[in-house]
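Examination of the molecular architecture
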Amino acid sequence: MRGALCLMLLLLAGCDRPVEPLYLPDGEAYPETLSGWGMLQRADGHLQPAATAQAYDLNTPLYSDYAHKLRTLWLPPGESARYAEKDFDFPVGTVLTKTFYYPKDAQGRLLKNTRDDRDPARGLDLERVRLVETRVLLRQRQGWVALPYVWDEAQQEATLEWAGASAALTLHDERGDSLAVDYQVPDANQCAGCHEERHGEGLKPLGPKARHLNRDLAYADGVENQLQHWQRLGLLQGLPAPEGLPRNALAGAPRAGESLEQQARSYLDINCAHCHNPKGPARTSGLYLDPATALGIPYGLCKQPVAAGKGSGDRLVDIHPGQPDASVLVYRVQSTDPSVMMPELGRSTAHREGLELLTRWIASLPGGC
Amino acid sequence: MRPLSLLALAMLLAGCGDQADTPVAHADFQKDLQARLIKAKPGSVIEIPAGTWHLDRGLSLKVSGVTIKGAGMDKTILSFKGQKAGAEGLLVDASDFTIEDLALEDSKGDALKVVGGKNIVIRNVRTEWTNGPATENGAYGIYPVQTENTLIEGAVAIGASDAGIYVGQSRNVVVRNSRAERNVAGIEIENTIGADVYDNLATGNTGGILVFNMPNLQQPGHGTRIHRNKVEGNNHDNFGHKGTPVASVPAGSGVVINSNDDVEIFDNDIGNHRTANVIVSSYFSTGYSDLSTSADFDPYPERIAIHGNRFGPGGDSPDHIELKALRIAKFGLNGRLPDILWDGYVNPAKLVDGKLPAAMGICVDNGAATLVNVDGPNNFKNISTDMSAHRCTLPPLPEVVLASAGEQKGS
């Protein structure tokens, strides 16, 4: 009996041991299961970052079929990232995860809403969410690696799926309407298709940039600017004074002073600029929607589409100032045809709110073609 | 081991008995093939056995040094009918890439897109939209873009709603021994430096072979040779999407030059084109305003040499109302437009005593063939068939020589 008691105590001790993220600076011994990364843990019926990982969020997020996202960051102990305006320099061994989930109601139906339902102290209530996938970005000596993990129906574990996956989901909104989503988990190459922002330079994280991260976040111990929080914890070096930090707007829910144009350009930045920049995968189109490109022909104003095929929608220019209905951009953002829609990857439904924002912005532009 | 397991899979699928008409995605085949593409290493040869394989997601390859090989363009068929995700059938972002002996059918968008690599070989590949020409077909069949040292040979491209074989923004390209049929543009060379297009058949398209420059891109093109091709009966109605550059191509165009420079057209058989066997035109004829181009774009076609071709009948029923009216007014009710149609745009900054120097213009040495200047800049007011400005000679363009790896494979 005493031996059994000892065994039981040992098991309990094992169960309660905090998880530690995996350090994998090189090699290809990627865990087959997400739990092998140790980035997320279950506690008290919640999914939360590991004790040494940080949750983070972005100003304007990439649209992903209305999926909510739990983002986490882990740096090897004693290491820090170095600030730069465009791309932080993350140390070898850094792990980023992004868990895509939908909130659900008491009947288990998936909800289409934008409410922030993450408890800063406890994480996601597993009774109130449906986990779909978690994408891992790992910084190794040879560069970044992107790995897609798909959650099982029982919501117990996510498994590495090199070739991606798909799921037929139905979302319900507060007005009682439903939306069918043919949710696509990208394969590892498709991950690289977006994350290789500059040809020949390998994959990079897209979200953790100064202009996207520069915002307040609710932490367990209070609200704080994210970048300052990271610096205070020693995760980030070289942060400039707050006035020198770039900041994208909150598209659709602007803070004071954030103009319609800033919102629209922030939306196009996060959704399009990783490909549509002078060295990105869509450089062949000549359409550059990155923040460094001024409004003009390269940003699509009065620009003839190139190699768009049916993606032109019989419209003559990418952005027709004053005429959203004559703009290829609007046509492609509202499309759900795989050969037409923009972004090409990461969604299977149209983002009504984003489309409304772009329509308002283009309508507000002066001049003609 | 992989080929064996694939063979076992094929046998299993054969045993299951496919439905004849409804495409059923071969999910396991698709996952296995995409996983093999992801995990490929330089030097990998990925063999795809004979069979019609139904995929509902696009495929992609990012590893350099890979060969994809099927059992033949009518034996190994990747069918993307019903494709749900991915803008292409196969997207390749790699160098030292070879693909041969297979078909890609009915992709939602482009069938085969190769972006940004060097030393590309595309051999005995067929791309086709099997319902026939339709605006909703994908834009491009075979589409290397921003590539270098690229060989396309033995290819077949059918039914694309923009171009069957479309080479964009590339350098050092050979397209040969290929067939382009019932596309809007059969073969199109765009913003490309150094292209040799020879021994091809372009037939049943809206326009047979096109050489274009598009504005607002990182590289203007020049230096294309078109020779020993059969460009025949390209009279298909234009089913391209409005807003795309090919939508401006008149049905019944043989070889079309738009805004490109240093193009040599020789020793081809070009005939039975109801608008014109050869068209030389400027960006201004595509329907766009100055607001659509950056200041450094050069829209004028210059140094175009046309010699030693065999022209069949043409110009009897031109597309576009202006050309129809022009034909009747200038050549009579039963007349034909000349073999070569030029829109008449020249760069005013390069005129000397009101004339373009011969070394800059269109030089024709083609027996009895004549050229009509339709005077686009002045709304077709001074239509001219005066050949005096076109009796000139341009130095021959150099042959394109591919880097040794590609050429050895090609020999």
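Residues numbered from 1 in each chain as written. Chains lettered and ligands numbered in written order. Predicted model: local features only at pLDDT ≥ 70, side-chain atom pairs only at ≥ 80, totals over all residues. Heavy atoms only, no water.

1. Considering the overall build of chain A
Along chain A, the regular secondary structure elements total 7 helices and 16 strands. At 22 Å, chain A has a C-alpha radius of gyration in line with the 21 Å of a compact globule built from 369 residues. Structurally, chain A occupies a C-alpha span of about 85 × 50 × 40 Å along its principal axes. Looking at chain A residue by residue over its 369 residues, the buried ones come to 58%. Of the roughly 15,600 Å² of accessible surface on chain A, a fraction of 53% belongs to carbon and sulfur atoms. A distance of 2 Å separates the average location of the 38 positive side-chain charges in chain A from that of its 46 negative side-chain charges. (Helix = DSSP H or I, 4+ residues; strand = E, 2+ residues; numbered from the N terminus. Rg over C-alpha atoms; globule rule 2.2 N^0.38 Å. Buried < 20%, exposed > 50% of the residue type's maximum accessible area, 1.4 Å probe, protein only. Areas by Shrake-Rupley, 256 points an atom, 1.4 Å probe, with all protein chains shown as cover. Lys, Arg positive; Asp, Glu negative; His and termini not counted. Charge placed at Lys NZ, Arg CZ, Asp CG, Glu CD.)

2. Considerations on the pairing of strand β7 (residues 97–105) of chain B
All names here are of chain B. Of all the 9 residues making up β7, 9 are buried; the element is thus mostly covered by neighbouring parts of the structure. Where strand β5 (residues 76–79) meets β7, 3 bridges bridge the pair, whose relative direction is parallel. In the sheet register, Ile77 faces β7, and the bridge partner there is Ala103. With 8 bridges connecting them, β7 and strand β9 (residues 118–128) associate as parallel partners. The residue of β9 that forms the bridge with Thr98 is Val121. (Pairing = 2+ DSSP bridges.)

3. Overview of the sheet that holds strand β7 (residues 110–111) of chain A
Note: strands within a sheet are paired through backbone hydrogen bonds, in either parallel or antiparallel orientation. All names here are of chain A. Ordered in space as β7-β12-β13, the 3 strands form an open sheet in which the pairing is mixed. Where the open sheet ends on each side, the last strands, each with one partner, are β7 and β13 (178–185). Two elements, β7 and strand β12 (residues 165–172), share 2 bridges in a ladder whose sense is parallel. Bridge assignment links Leu111 to a residue of β12, and that residue is His172.

4. Brief notes about the interface of chain B and chain A
Size of an interface: often given as the accessible area lost when the parts come together. Each side of the interface is counted separately: chain B has 51 residues, and chain A has 47 residues. Each partner contributes to the roughly 3,800 Å² buried at the junction of chain B and chain A, and carbon and sulfur atoms together form 51% of this total. On the chain B side of the contact with chain A, Ile38, Arg57 and Lys62 of chain B bury the most area, a combined 16% of that side's loss. Summed over the shared surface of chain B and chain A, the number is 4 salt bridges. For the pair chain B and chain A, the number of links is 16 residue pairs in polar contact (both at pLDDT 80 or more). For the side of chain B that touches chain A, the elements supplying multiple residues, two or more each, are α2 (27–39), β3 (57–61), β6 (85–92) and β10 (140–145) of chain B. If you tally residues by element for the side of chain B that touches chain A, the top one is α2 of chain B, at 5 residues. (Contact = heavy atoms within 4.5 Å. Buried area = accessible area lost by both parts, 1.4 Å probe. Salt bridge = Lys/Arg side-chain N within 4 Å of Asp/Glu carboxyl O. Polar contact = N/O pair within 3.5 Å; in protein donor to acceptor, adjacent residues only side chain to side chain.)

5. A word on helix α3 (residues 321–331) of chain B
Residues and elements named next belong to chain B. Here α3 has its buried residues at Leu323, Leu326 and Arg327. Around the axis of α3, the buried residues are gathered within 105° of arc, so they sit on the same side. Facing away from the buried surface of α3 by more than 90 degrees, the exposed residues are Ile321 and Ala329. The inward-facing, buried residues of α3 contact β28 (340–342). Just downstream of α3, Gly332 is the residue with a positive phi angle, here 90°. (Arc of directions from axis to C-beta.)

6. Let's talk about helix α2 (residues 188–195) of chain A
Burial within α2 of chain A is extensive, with 7 of its 8 residues counted as buried. Within the span of α2 of chain A, buried status applies to Ala188, Asn189, Gln190, Cys191, Ala192, Cys194 and His195 of chain A. Those residues of α2 of chain A that are buried are in contact with β9 (129–140) and β10 (143–151) of chain A together with α2 and β3 of chain B. Of the residues that open α2 of chain A, the one with a side-chain oxygen 2.9 Å from the backbone nitrogen of Asn189 of chain A is Asp187 of chain A.

7. Structural notes on the packing of aromatic side chains
Residues and elements named next belong to chain A. The tally for this structure, following the rule as stated, stands at 15 aromatic pairs over all chains. Arranged with centres 6.1 Å apart and planes meeting at 50°, the rings of Phe88 and Phe90 form a pair that is tilted. For the pair formed by Phe88 and Phe90, the shared burial category is buried. Ring geometry for Tyr299 against Trp361: centres 6.4 Å apart, planes inclined by 90°, an arrangement best described as edge-to-face. Placement of Tyr299 in the loop between α5 (260–272) and α6 (328–334) and of Trp361 in helix α7 (residues 352–364) is noted, with a sequence separation of 62 residues between them. By relative accessible area, Tyr299 is classed as buried at 0%. Among the residues examined, Trp361 registers a relative accessible area of 0% and is labelled buried. (Phe/Tyr/Trp six-rings, centres within 6.5 Å; stacked < 30°, edge-to-face > 60°.)

8. Considering the pattern of salt bridges
Residues and elements named next belong to chain A. Summed over the entire model, instances satisfying the criterion amount to 49 salt bridges over all chains. Notably, a salt bridge pairs Arg135 with Glu133, separated by 2.7 Å at the nearest N-O pair. Per residue, the accessibility class of Arg135 equals that of Glu133, and both read buried.

9. Looking at the packing of α5 of chain A against α7 of chain A
All names here are of chain A. Axis separation between α5 and α7 bottoms out at 9 Å; the angle between their running directions is 130°. Between α5 and α7, the angle is such that the two are oblique. Between α5 and α7 lies a crossing whose hand is left-handed. Here Leu260, Glu261, Gln263, Ala264, Tyr267 and Leu268 of α5 come into contact with α7, specifically with Gly354, Leu357, Leu358, Arg360, Trp361 and Ser364. Looking at side-chain class alone, the contact of α5 with α7 contains 7 nonpolar, 3 polar and 2 charged residues. (Axes fitted to C-alpha atoms, helices over the stretch in contact; angles between N-to-C directions. Parallel < 35°, antiparallel > 145°, perpendicular 65-115°, else oblique. Left-handed = near helix turned anticlockwise from the far one by under 90°. Nonpolar A, V, L, I, M, F, W, Y, C, P; charged D, E, K, R; others polar.)

10. Re the domain arrangement of chain A
Residue and element names in this part refer to chain A. Parsing chain A into structural domains produces domain 1 (18–237) and domain 2 (252–364). One C-alpha centre belongs to domain 1, the other to domain 2; they are set 25 Å apart. Carbon and sulfur atoms make up 53% of the area that domain 1 and domain 2 hide from each other, which totals about 2,100 Å². Taken together, the connections running from domain 1 to domain 2 amount to 2 salt bridges. Close ionic contact of Lys279 with Glu201 constitutes a salt bridge, the shortest N to O distance being 3.1 Å. (Domains from an automatic or database assignment.)

11. A short note on the environment of Pro245 of chain B
Within the secondary structure layout, Pro245 of chain B lies in the loop between β21 (230–232) and β22 (253–258). Those residues in contact with Pro245 of chain B that sit more than four places away from it in its chain are Gln304 and Pro305 of chain A together with Phe212 and Met214 of chain B.

12. Side note on the environment of Val255 of chain B
Residue and element names in this part refer to chain B. Tracing the sequence through the fold places Val255 in strand β22. With a relative accessible area of 0%, Val255 lands in the buried category. Here Val255 is in contact with Ile209, Ile226, Val231, Ile265, Ile270, Asn277, Val278 and Ile279, once residues within four sequence places are set aside.

13. A look at the state of the cysteines
Two cysteines joined by a covalent bond between their sulfur atoms form a disulfide. All names here are of chain A. Under the definition given, this model contains 2 disulfides over all chains. What pairs with Cys302 in a disulfide is Cys369, and their sulfur atoms sit 2.4 Å apart. Because the torsion about its S-S bond is -90°, the bridge between Cys302 and Cys369 counts as left-handed. Here Cys302 is found in the loop between α5 and α6, whereas its partner Cys369 is found in the segment after α7, with 67 residues between them in sequence. By relative accessible area, which is 6% here, Cys302 ends up buried. Here Cys191 is not disulfide-linked; the sulfur of Cys194 is the nearest cysteine sulfur, at 8.1 Å. (Disulfide = S-S within 2.5 Å.)

14. Some details on the confidence of the model for chain A
Residues with a pLDDT of 70 or more make up 95% of chain A, whose mean pLDDT is 90. Averaged over each element, pLDDT in chain A is lowest for helix α1 (residues 2–16) of chain A (50) and highest for strand β5 (residues 81–82) of chain A (97). (pLDDT = per-residue confidence, 0-100.)

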